[in-house]
Amino acid sequence: MSHVAPGGGRRPVPASLAVAVVLGLGLTACSTASPTTPTAAESSASETAAPATTGATAPAPTEPLPTVTADPLTPTRPTPTVTTTKPAPTPTPTATATDPGTVAGACERTQPAYPVVSPGAKGPAVSALQCFLNDADFGPVAVDGVYGSQTREALRRVEATFEGPAPRPGRVDAGVWVLVISRSLGSETLKQGSKGPAVETLQRALRAAGGTLTVDGTFGPETKKVVERFQDANRIGEDGVVVDETLFLLKSGATIG
């Protein structure tokens, strides 16, 4: 390549300059060419390679749901516990009192006479004695008609009420009979015309003290006469009325003589 030099002559163009011009012309041609539309395959590959950059936030990973064990439709029945039930003990039959003051057995308090009894004695008189001991709260004593250890223990409680030692421990004489029988008497005044259980007790005590009278629960002339004898023997007057001093003497075991 050449160009006209000043003065009308032509001078050769350097090779480097010629290359630069060619390159410039090529770049210009490339910039003016219309843009090419990517093919469908190229567009699909581009979308697969890079995700779209939008403002939407990707959903967070979902946590696994807890596992719940449901109860069975048919409830499980508990295994029955076998318990061994002990048979109820057979109650020991106990004798019931036939009247107040008894522990067992029948009480026949009224006796034809109240004889002297000692440990080992048996019979109706001992049964009556046991009834009187229960009446006077010296028991409890089983009414079995046998003067055994239980009856003896009750009589020790009687002897403990004496002012001094018992003259003959364990022996039940007239004085002990009167004391035990009369101990259940209250403070009620008894006189001719009185009736009831208290009069029966008084009549038994007077019989045990040595008097002769009927035990019928009625304070009549016969009972009054024996009361007067008792009062005379103990020198407290003879009015035939059982009150205060006469009651005290009976409960202390005084006799007619």
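Only a predicted model underlies this, so the values are computations on that prediction, with no experimental measurement involved. All residue numbers refer to positions counted from 1 along the written sequence of the respective chain. The predicted nature of this model means local features are confined to residues of pLDDT at least 70 and side-chain atom pairs, given and counted, to a pLDDT of 80 or more, with totals for whole chains, interfaces and linings taken over all residues. Side-chain numbers come from the whole structure's heavy atoms, not from hydrogens or water.

Some points on the environment of D244
Secondary structure follows DSSP: runs of H or I at least 4 residues long count as helices, runs of E at least 2 residues long count as strands, and numbering of each begins at the N terminus. Looking at the secondary structure, you find D244 in the loop between helix 7 (221-233) and helix 8 (245-252). Accessibility here uses a 1.4 Å probe with only protein chains present; expressed as a share of the type maximum, an area under 20% marks a residue as buried, one over 50% as exposed, and anything in between as partly exposed. On the basis of relative accessible area, D244 is assigned to the exposed category, the value being 62%. Measuring from C-alpha to C-alpha, the distance between D244 and S187 comes to 7.4 Å, with 57 residues separating the pair along the chain.

With respect to the state of the cysteines
Disulfides are defined as pairs of cysteine sulfur atoms found within 2.5 Å of each other. Throughout the structure, instances matching the rule amount to one disulfide. Each sulfur of the disulfide joining C107 and C131 lies 1.7 Å from the other. Measuring handedness by torsion sign, the sulfur bridge of C107 and C131 sits at about -100 degrees and is left-handed. One end of the pair, C107, is in the loop between helix 2 (40-49) and helix 3 (124-135); the other, C131, is in helix 3, and 24 residues separate them in sequence.

A short note on helix 6 (residues 197-208)
Taking 1.5 Å of rise per residue, the twelve residues of helix 6 would be expected to cover 16 Å, and the 17 Å separating its terminal C-alpha atoms lies within 8% of that figure. The element helix 6 is largely enclosed, with a buried count of nine among its twelve residues. Taken together, the buried positions of helix 6 are V199, T201, L202, Q203, R204, A205, L206, R207 and A208. Where the residues of helix 6 are buried, they touch helix 3, helix 5 (174-182), helix 7 and helix 8. Looking at the residues trailing helix 6, positive phi occurs at G210, about 120 degrees. Expected helix span is taken as 1.5 Å per residue step, with the number of steps being one fewer than the number of residues. Contacts are assigned to residue pairs that have any heavy atoms within 4.5 Å of one another.

What to know about the nonpolar core
Definition used in this section: a nonpolar core is a set of buried Ala, Val, Leu, Ile, Met, Phe, Trp, Tyr and Cys residues joined via side-chain atoms within 4.5 Å. Core analysis: the largest hydrophobic core is formed by 40 residues, its most contacted members being L133, L155, V172, W177, L206 and V242. Looking at this core, the elements with two or more residues in it are helix 3, helix 4 (149-159), helix 5, helix 6, helix 7 and helix 8. Not counting the four nearest positions on each side in its chain, V242 is found in contact with E188, T189, L190, L202, F219, V227, L247 and L250.

Quick look at the pattern of salt bridges
One side-chain nitrogen of Lys or Arg within 4 Å of one carboxyl oxygen of Asp or Glu is enough to make a salt bridge. Taken as a whole and assessed by the stated rule, the structure comprises five salt bridges. Here R109 and D135 are joined by a salt bridge, their closest N and O atoms 2.7 Å apart. Of the two residues, R109 sits in the loop between helix 2 and helix 3 while D135 sits in helix 3, which places them 26 residues apart along the sequence. Judged by relative accessible area, which is 24%, D135 ranks as partly exposed. In this structure, R156 engages E153 in a salt bridge whose closest nitrogen and oxygen atoms are separated by 3.2 Å. Here E153 and R156 lie together in helix 4, a separation of three residues that amounts to about one turn.

Here we look at the UniProt feature "domain: Peptidoglycan binding-like" (unreviewed entry) in the chain
Look at the UniProt record and you will see "domain: Peptidoglycan binding-like" (unreviewed entry) annotated at residues 123-159 and 196-247. For residues 123-159, helix accounts for 62% and strand for 0%, while the C-alpha atoms at its two ends are 22 Å apart. UniProt positions are given in the numbering used here, feature names are shortened, and annotations may be inferred rather than shown by experiment.

Re unusual backbone geometry
Of note, the bond from G139 into P140 is cis; its omega dihedral lies within 30 degrees of zero at 10 degrees. For P140, the position within the fold is in the loop between helix 3 and helix 4. In this structure, D137 takes a positive phi of about 65 degrees despite not being glycine. As for its placement among the helices and strands, D137 is situated in the loop between helix 3 and helix 4.

Here we look at helix 8
Buried within helix 8 we find T246, L247, L249 and L250. The buried residues of helix 8 all sit within an arc of 160 degrees when viewed along its axis, so they share a single face. Elements in contact with the buried residues of helix 8: helix 5, helix 6 and helix 7. Just downstream of helix 8 lies G253, where phi reads positive at about 90 degrees. What the arc measures is the spread of directions leading from the helix axis to the C-beta atoms.

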